[in-house]
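Topology and contacts: notes
The lines below spell out each chain.
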Amino acid sequence: MQLDHVTLRTADLEGTRQFLQDLLGLTVGYRPDFGFAGYWLYSRDGPVVHLIPGGGRAVGRDAETIDHIGFRLEGYEAFRQKLDRNEIPYSTMDLAELGERRLFVRTPGGILLELVFREGGTSD
């Protein structure tokens, strides 16, 4: 089994689309006509993020929600420099025992993205 896609409901459809395209290099691709606005964002051969409009309402802390979405990427240092150049706030986490480094960023609507780099070393 593997995860097929994630659907994000956002109050800022265009801003979130542009952010994910710029940040992750996703591209807008084919999406069936569902009768409402939205995008399917593709990585390589298939759609991995579906975007649909939503109200962006707060959810109570006791409700079940998705905490964050993780993407495995390559090129930690180059990616961190890209975030710095574009003044995108982020936090870091290094997991030496896994040989992984992580960057955490938020979409314009506040969805947490975990960017995972499996490249060994953990020095800054």
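What you see is a predicted model, and the numbers here were worked out from it, not measured in a lab. (Residues numbered from 1 in each chain as written. Predicted model: local features only at pLDDT ≥ 70, side-chain atom pairs only at ≥ 80, totals over all residues. Heavy atoms only, no water.)

**A look at the confidence of the model for the chain**
Low pLDDT marks stretches whose predicted atomic positions should not be read closely. Heads up, the rule is: Summary of the metric used: pLDDT quantifies the predictor's per-residue confidence within the range 0 to 100. Numbering goes from the N terminus for both helices and strands, where a helix is a DSSP run of H or I of at least four residues and a strand is a run of E of at least two.
A residue-level look at the chain finds 91% of positions with pLDDT of 70 or above and a mean pLDDT of 91. Confidence scores differ between elements of the chain, with strand β1 (residues 6–10) showing the lowest mean pLDDT of 92 and strand β2 (residues 27–29) the highest of 98.

**Let's talk about the nonpolar core**
Most often, soluble globular proteins have nonpolar side chains that are buried together. This is how it is decided: As used here, the term nonpolar core means buried Ala, Val, Leu, Ile, Met, Phe, Trp, Tyr and Cys residues forming a set that is joined through side-chain atoms within 4.5 Å. Residue exposure (1.4 Å probe, protein chains only): buried if accessible area is under 20% of the type maximum, exposed if over 50%, otherwise partly exposed. Note on contacts: a residue pair qualifies if any of its non-hydrogen atoms lie within 4.5 Å across the two residues.
In terms of nonpolar packing, the biggest core is built from 24 residues, with L20, L23, L24, V49, F79, L113 and L115 touching the most fellow members. The set of elements that each furnish at least two residues to this core consists of β1, α1 (13–24), β3 (39–43), β4 (46–53), β5 (69–73), α2 (76–85), β7 (100–106) and β8 (112–118). With five residues, α1 is the largest single contributor of residues to this core. Beyond its immediate chain neighbours, meaning those up to four positions away, L23 contacts F79, K82, L83, I88, V105 and L113.

**What about α2?**
Defined as follows: By definition, the arc is the one covered by directions from the helix axis to the C-beta atoms.
Here α2 has its buried residues at Y76, F79, R80 and L83. Down the axis of α2, the buried set is contained in an arc of 100°. They therefore lie on one face. Looking at α2, the residues exposed on the side facing more than 90 degrees away from the buried face are A78 and R85. Buried residues along α2 sit in contact with α1, β5, β6 (91–95), β7 and β8. Immediately beyond the C-terminal end of α2, within one or two residues, lies E87, with a positive phi of roughly 55°.

**Concerning the sheet that holds β5**
Let me state the cut-off plainly: Note on pairing: DSSP must find at least two bridges between two strands before they are called paired. In this analysis, axes come from line fits to C-alpha atoms, helices being fitted only over the stretch in contact, and the angle between any two N-to-C directions falls in the range 0 to 180 degrees.
Read from one edge of the open sheet, four strands run β5-β8-β7-β6, paired in mixed fashion. Edge strands, defined here as strands with exactly one partner in the open sheet, are β5 and β6. Across the sheet, the mean angle separating the axes of adjacent strands is 25° when strand polarity is ignored. Against the sheet, α1 makes contact with β5, β7 and β8, and its axis sits at roughly 10° relative to β8, the strand it touches most. Contacting β5, β6, β7 and β8, α2 crosses the sheet at an angle of about 20° to β7.

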